[in-house]
Amino acid sequence: MRAAEAQYVKLTPKTFPKGPDSLASGHRACQGCGEVLALRLMMKALGTDFIAVSATGCMEVCTAPFPQSAWRVPWIHVAFENAAAVASGVESALHALRRKKRAPEKRIPVVAFAGDGGTADIGIQALSGALERQHEDFIYVCLDNEAYMNTGIQRSSETPFGANTTTSPSGTKSKGQNTWKKNMAAIAAAHGIPYVATGSPAYHLDLMNKIRRAAAVHGPAYLHVYAPCPTGWRMKPELSVESAKLVVTTRIFPIYEVLDGEYVLNRKIDNPTPIEDYLKIQGRFKHLKPEDIDYIRGRVNQEYERIERLAAAFPVSAGA
Amino acid sequence: MAKLVGMEVSVAVAEAARLCDTDVVAAYPITPQTHIVEHLSELVANGHLDAEYIPVESEQSAMSSCIGAAAAGARTFTATSSQGLALMNEMVFIAPVLRLPIVLAIANRALSAPINIWNDHSDIMTIRDSGWISLFAENGQEALDMTILSFRIGEDPRVSLPVTMNIDGFTLSHFIEPIDMPEIEAVRKFLPPWKPLVQLDIGAPISIGLLGTPESYTEARKATDNVLVASKPVVVESFEAFKAQFGREYKVVETYKAEGAETLLLTMGSISETAMTAIDEMREAGESVGLVRIRLWRPFPSEELLKVLLPAKNVAVIDRHIMMGTPDGPVAVEVKSLLYDAPNRPNVSNFVLGLGGRDVTRDDFKYITKRAKEFKGSPSARYELVGVWE
């Protein structure tokens with residue numbers, strides 16, 4: 001079945017799910033954590049009938065210190081690099097048990113949550129394997145806070161150009177991170193899976209409907225979700241949602257879908273907010289010089305326009 | 001009726017996983033394990049085994065997928081060797097603490113470097129302390145039987161631990177042997193469907209794999225050790241149930257002409273058959289020598305070993321692995337530690353041989369017997385390499 005044909009009920013402000021969250025309050029995430037906000041929104045959108053797999057990382061550590069757990073859905077954590085492989089095992093087990101009449105007939109999505117390091121660096125092999133194998137009820141969510149925050153703000157391949165981290169420090173001979181952010185959505189899409197999307201918690205209904213679509217799709221889905229980290233980004237906690245909005249309106253993090261290989265740009269940004277508005281609220285960029293910002297602006301526009309052109313090539317697809 | 005068939009031992013191991021109605025296989029090919037997983041994928045492809053076969057992209061993912069599948073309540077099997085086991089290592093240490101009865105067949109092969117595809121026990125020794133139950137098979141029949149037993153023991157609610165079933169790479173895995181193939185109904189009777197203690201279930205959500213802070217980590221590790229140690233009577237009981245059902249008798253420590261023997265050779269795995277032939281020849285020549293073979297490597301069968309080793313004058317422990325930087329091999333370390341407090345303990349000498357597939361011959365065992373008799377323990381004594389170039 002094509003992703004574009006997957007049937008799901010879209011959430012609207014009027015149908016926003018009520019009742020307790022499947023991620024309980026009382027977890028130990030930092031004040032203003034945008035990652036746990038994104039996670040909670042997606043779990044709200046999914047309800048309770050799914051199985052969660054977490055990679056080691058902030059979300060695992062802050063939600064599950066024995067003997068407490070914030071997870072009101074079945075949840076397993078094994079290690080750092082293997083969330084996709086663990087989820088593959090869970091998903092395959094459910095298929096086998098259903099076929100052998102030892103599990104209910106109902107489809108149960110298996111959702112792996114991992115950070116950017118657990119996805120784009122140490123976990124990319126396991127993820128690629130899982131996507132290539134086309135597991136039917138498999139969703140992988142990368143919660144991207146753009147560095148190894150759990151271990152103390154070390155750079156990952158998702159750390160943006162110019163960002164100061166503890167292993168990409170700015171200095172007399174360095175501008176901070178000297179490479180461009182790895183494009184995981186494109187890498188996921190290259191596996192020929194039915195559904196890939198990017199999302200931001202500032203656009204909460206868009207994000208929630210994307211994971212609902214991911215759950216309806218038969219075949220692997222990959223969501224790359226922007227996850228503001230006030231602690232790691234040296235940003236005021238109250239600016240988390242603001243940064244999650246600015247990253248989209250500046251064109252730095254376009255939100256789009258790839259449905260059966262066809263691109264849909266969900267928020268077209270014709271008059272972008274100046275990127276300085278995004279960069280200046282985060283201490284990790286404070287060392288950047290005007291020429292560095294010019295370079296970033298140029299590359300951001302180039303990347304955004306590439307997505308825009310891809311979306312223009314597939315005008316008929318319907319986005320979330 | 002069970003029937004005797006000529007079959008490659010690897011194929012027999014895969015057939016055992018079929019007889020056990022395995023639900024999920026997640027495996028990555030590595031020599032000399034390949035024939036096990038090839039045959040399993042054939043069984044699935046032809047509908048002889050109703051399982052999900054996950055062709056993972058690495059051994060790390062193989063064990064990860066097995067953990068996920070077992071946590072979801074599926075009977076789960078995988079197989080590996082050497083470098084594959086090394087790559088799995090991180091996950092191997094997690095499975096026992098999560099109490100997941102995965103069965104892992106290991107076609108034992110030497111670890112790199114230098115790269116070598118042939119047999120020794122260096123791979124299994126890397127997971128010695130991980131919390132898995134560990135069984136060794138000597139021949140094809142044992143490989144099949146031990147695989148069935150691995151599921152039965154691991155899934156016992158008093159145990160709920162993963163099990164490794166070890167066969168020597170090539171020297172056992174690739175041999176064609178006569179195998180008494182049990183009827184599927186008999187195996188299903190011996191091994192009813194697994195009832196997990198807990199599982200990932202949307203009807204009763206639980207969290208598996210929580211963070212163990214300094215306040216809980218020790219207790220979690222100790223709990224696993226307690227269960228592993230307490231699994232030995234279940235192993236013995238399962239061997240007895242197996243005998244009642246299939247007629248073949250197994251013990252956690254096997255012996256051959258050991259009673260009253262002055263010198264005992266102590267082995268694990270398929271070289272034991274060569275050792276027995278050598279013992280027959282030595283016995284004919286008037287030598288008082290016997291064999292002790294460890295079938296159950298973990299939990300370590302202390303009481304059973306003490307019972308058979310103590311009456312002897314000399315014990316020659318044979319290791320298939322060099323424990324770099326220490327005086328003894330891993331099996332000798334265990335045996336010496338076991339005997340330390342025993343009064344009138346035998347002389348324990350240690351020999352390392354058969355590394356990276358080097359042939360182990362009857363003459364090697366004759367040489368070891370001679371050296372064991374000459375051996376006078378001293379604090380500076382080290383293992384002796386047998387059959388090595390000078």
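See the structure above.
None of the values given here were measured: they were computed from a predicted structure.

Rules of the game
As a convention, each chain's residues are numbered from 1 in the sequence order in which they are written. Starting at A for chains and at 1 for ligands, labels are handed out in the order in which the entities are written. Given that the model is predicted, a residue must reach a pLDDT of at least 70 before its local features are reported, and side-chain atom pairs must reach 80 or more before they are shown or counted; all residues, however, enter totals for whole chains, interfaces and linings. The helix count covers DSSP runs of H or I at least four residues long, the strand count covers runs of E at least two residues long, and both are numbered beginning at the N terminus. All radius of gyration figures rest on C-alpha atoms, and the globule criterion is 2.2 Å times the number of residues raised to 0.38. Put plainly, a residue is buried at 20 or more neighbouring C-beta atoms within 10 Å of its own, exposed at 12 or fewer, and partly exposed in between, counting only other residues' C-beta atoms, which are placed from the backbone. The contact rule is simple: place each C-beta atom from the backbone, and if two of them lie within 7 Å, those residues are in contact. Every angle, taken between N-to-C directions, lies between 0 and 180 degrees, and every axis is a line fitted to C-alpha atoms, over only the stretch in contact when it is a helix. Left-handed is the label given to a crossing in which the near helix is rotated counterclockwise from the far helix by less than a right angle, and right-handed is the label when the rotation is clockwise. Under this grouping Gly is polar, as are all residues other than the nonpolar Ala, Val, Leu, Ile, Met, Phe, Trp, Tyr, Cys and Pro and the charged Asp, Glu, Lys and Arg. We treat two strands as partners when DSSP finds at least two bridges between them. Here the word oblique covers every angle except those under 35 degrees (roughly parallel), over 145 (roughly antiparallel) and from 65 to 115 (roughly perpendicular).

Caption draft 1: Quick look at the overall build of chain B. On a plain count of helices and strands, chain B comes out with 13 helices and 16 strands. On C-alpha atoms alone, chain B measures out to a radius of gyration of 21 Å, which is about the 21 Å that the 2.2 N^0.38 rule sets for 390 residues. Dimensions of chain B, computed from C-alpha atoms along their principal axes, come out at roughly 65 × 55 × 45 Å. Taking all 390 residues of chain B together, 56% fall into the buried category. Summarising the internal contacts of chain B: among those between residues at least 6 apart in sequence, 80% fall at separations of at least 24.

Caption draft 2: Broad picture of the packing of helix α10 (residues 271–284) of chain B against helix α13 (residues 362–374) of chain B. Residue and element names in this part refer to chain B. The geometry of α10 relative to α13 is characterised by a closest axis approach of 8 Å and an angle of 60 degrees between their N-to-C directions. Read as a crossing pair, α10 and α13 show a hand that is right-handed. Only Arg362, Phe365, Lys366 and Thr369 of α13 make contact with α10, whose side of the interface consists of Thr274, Ala275, Thr277, Ala278, Glu281 and Met282. The class makeup of the residues in the contact of α10 with α13 is 4 nonpolar, 3 polar and 3 charged.

Caption draft 3: Layout of the interface of chain B and chain A. Counting residues at the interface gives 39 residues for chain B, matched by 39 residues for chain A. Those elements that place two or more of their residues in the side of chain B that touches chain A are β2 (24–26), β3 (52–54), α3 (59–71), α4 (82–92) and β9 (207–208) of chain B. The element that contributes the greatest number of residues to the side of chain B that touches chain A is α3 of chain B, accounting for 9 residues. With 2 bridges connecting them, strand β2 (residues 75–77) of chain A and β9 of chain B associate as parallel partners. Each residue of the ladder has a partner; that of Ile76 of chain A, found in β9 of chain B, is Ile208 of chain B.

Caption draft 4: Up close: the environment of Glu146 of chain A. All names here are of chain A. Counting through the fold element by element, Glu146 comes out in the loop between β4 (138–144) and β5 (170–171). As a C-alpha pair, Glu146 and Ile211 span 65 residues in sequence and 21 Å in three-dimensional space. Beyond its immediate stretch of four places on either side in the chain, Glu146 contacts Asp116, Glu158, Thr159, Pro160 and Ala163.

Caption draft 5: Structural detail: the sheet that holds strand β1 (residues 51–54) of chain A. Read from one edge of the open sheet, 9 strands run β10(A)-β9(A)-β7(A)-β8(A)-β4(A)-β3(A)-β1(A)-β2(A)-β9(B), paired in mixed fashion. A strand with exactly one partner marks an edge of an open sheet, and here the two such strands are β10 (262–265) of chain A together with β9 of chain B. Bridging between strand β7 (residues 195–199) of chain A and strand β9 (residues 256–259) of chain A involves 3 bridges; their strand directions are antiparallel. The partner of Ala197 of chain A across the bridge, within β9 of chain A, is Glu257 of chain A. Contacting β9 and β10 of chain A, helix α11 (residues 290–312) of chain A crosses the sheet at an angle of about 115 degrees to β10 of chain A.

Caption draft 6: Structural context of the packing of helix α6 (residues 140–155) of chain B against helix α9 (residues 232–246) of chain B. All names here are of chain B. Relative to each other, α6 and α9 sit at 125 degrees, their axes nearing to 10 Å. As summarised for this structure, α6 and α9 are arranged oblique, according to the angle between their axes. The handedness of the crossing between α6 and α9 comes out as right-handed. Side by side, α6 and α9 meet where Asp145, Leu149, Arg152 and Ile153 of the first sit next to Val234, Val235, Ser238 and Phe242 of the second. Taken together, the residues of the contact of α6 with α9 sort by class into 5 nonpolar, 1 polar and 2 charged.

The values reported here are purely geometric and, on their own, carry no functional implication.
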